[in-house]
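# Remarks on the overall topology
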Amino acid sequence: MENDERAAVSFPFDRMTVQRFRETFPRARWSDRRKAWLVPGKTARRRIDRWMAREESRVDPYADAKGRDAFAFEPILSPYLGVDREGFRIKTPYSRKLVEEIRQVPFARWDGDNKVWRVPFASYEHLVDRWQVIETEAKRCEPEERRKRAEARKGTDEERTSRLRTTERKRRRIPLPADDLPPLDRPIATTSYGIVVVSDITGEVVEREDIADLYPDLSEDYVWGVWQTPSLDELVHTWPSKVEPGEQERRRGWWLPTLEELREARRTARARERRATRRTSA
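Here is a short report on the structure shown in this document.

Parameters at a glance
Residues numbered from 1 in each chain as written. Predicted model: local features only at pLDDT ≥ 70, side-chain atom pairs only at ≥ 80, totals over all residues. Heavy atoms only, no water. Salt bridge = Lys/Arg side-chain N within 4 Å of Asp/Glu carboxyl O. Helix = DSSP H or I, 4+ residues; strand = E, 2+ residues; numbered from the N terminus. Buried < 20%, exposed > 50% of the residue type's maximum accessible area, 1.4 Å probe, protein only. Patch = residues over 30% accessible without salt bridge, like charges linked within 9 Å, V, L, I, M, F, W, Y side chains within 5 Å. Areas by Shrake-Rupley, 256 points an atom, 1.4 Å probe, with all protein chains shown as cover. Lys, Arg positive; Asp, Glu negative; His and termini not counted. Charge placed at Lys NZ, Arg CZ, Asp CG, Glu CD. Pairing = 2+ DSSP bridges. Axes fitted to C-alpha atoms, helices over the stretch in contact; angles between N-to-C directions. Contact = heavy atoms within 4.5 Å. Polar contact = N/O pair within 3.5 Å; in protein donor to acceptor, adjacent residues only side chain to side chain. Core = buried A, V, L, I, M, F, W, Y, C linked by side-chain atoms within 4.5 Å. Parallel < 35°, antiparallel > 145°, perpendicular 65-115°, else oblique. Left-handed = near helix turned anticlockwise from the far one by under 90°. Nonpolar A, V, L, I, M, F, W, Y, C, P; charged D, E, K, R; others polar.

## Things to note about the pattern of salt bridges
Throughout the structure, instances matching the rule amount to 19 salt bridges. The residue Lys148 makes a salt bridge to Glu145 at a minimum N-O spacing of 3.5 Å. In this pair, Lys148 and Glu145 are both assigned in helix 6 (residues 143-153), three residues apart and thus about one turn of the helix distant. Using a relative accessible area of 45% as the deciding quantity, one classes Lys148 as partly exposed. By relative accessible area, Glu145 is classed as partly exposed at 30%. Residues Arg267 and Glu264 are paired through a salt bridge, measuring 2.4 Å at the closest nitrogen-oxygen approach.

Dropping the structure here:
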């Protein structure tokens, strides 16, 4: 089973750069979803940083100077962007959309020690092209903006549905087609709760009218299943499906997870277990 410790890297495409990259990282794989190369291994980030430093020296030797001049002439003025002798620093609230957008900037990398994204001067033009989206999303994710949206939802159908969904999730149950049940005690992907493990089928028939707001697409006969969050060990030892789920699988509400879905779930599970370990040792 492939080690799920991976780091992502993106860079301007050209045939020779890709060739040098593949020679240095033969186990790297391209992700269409993330528009980045994924390199496995616990030391992947350090190895990528060394490779990128070498590659940057191959680029137009005046690229950094051009980026500095462009910034000085027409700077990005934003509380989310800083600058030092190494290049630009981006520090924003977290959102998956932000991470995906910043990763599209060539040679952008995450600096875990300082909790900032770093972008070299040479990538300034690319940063300018994406900055409006980055800044708009960063503002939207500020705690005060989140509170405003929560206030605006109060008393609305959206808030009611959100509360119902939260309550339903706490019950750890999921409607399953009576004639097409998933395997027990094996991670499966679901429309409602991501990847879960169904540990039991209660046999209780689902009354569709009671949960129509939460599961509007139910048809035929469904029964309740009991689910739990899979452990990292369960996810690591689950073989992925080789085919993407079709319309029928999505309509029934569950399918066997693909490799990309498992990788995402493993990252989440690993982070969850690390937090639990820190709380225990504190």
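On we go.
## Overview of a positive patch on the surface
Where like charges cluster on the molecular surface, the positive patch consists of Arg272, Arg275, Arg278 and Arg279. For Arg272, a relative accessible area of 32% puts it in the partly exposed group.

## Quick word on the sheet that holds strand 4 (residues 81-84)
The four strands are arranged 4-5-7-6 in an open sheet whose pairing can be described as antiparallel. Two strands in the sheet have a free side with no partner beyond their single neighbour: strand 4 and strand 6 (109-111). Averaged over all neighbouring strand pairs, the angle between strand axes comes to 35°, with direction disregarded. Where strand 6 meets strand 7 (residues 116-119), three bridges bridge the pair, whose relative direction is antiparallel. Considered in strand 7, the bridge of Arg109 is made with Arg118. Contacting strand 4 and strand 5 (87-90), helix 5 (residues 124-140) runs over the sheet at an angle of about 25° to strand 5.

## A closer look at the side chain of Arg118
Mapped onto the elements of the fold, Arg118 is located in strand 7. Engagement of the side chain of Arg118 in a polar contact is seen with the side chain of Asp111, the distance being 3.0 Å.

## Section: the nonpolar core
Generally speaking, soluble globular proteins have nonpolar side chains that are buried together. If you look at the biggest cluster of nonpolar residues, it comprises 19 residues, and the most contacted ones within it are Leu81, Phe88, Ile90, Leu127 and Trp131. Those elements that place two or more of their residues in this core are strand 5, helix 4 (96-103), strand 7 and helix 5. The element contributing the most residues to this core is helix 5, with five residues. Non-local contacts of Trp131, meaning those with residues more than four positions away in its chain, are made with Ile76, Ser78, Tyr80, Leu81 and Ile90.

## Points about the packing of helix 4 against helix 5
Interhelical geometry of helix 4 versus helix 5 gives an angle of 160° and a closest axis separation of 10 Å. With respect to each other, helix 4 and helix 5 are oriented roughly antiparallel. Note on packing geometry: the crossing formed by helix 4 with helix 5 is left-handed. Together, Lys97, Leu98, Glu101 and Ile102 of helix 4 and Arg130, Val133, Ile134, Glu137 and Ala138 of helix 5 make up the contact between the two elements. In terms of residue class, the contact of helix 4 with helix 5 is made up of five nonpolar, no polar and four charged.

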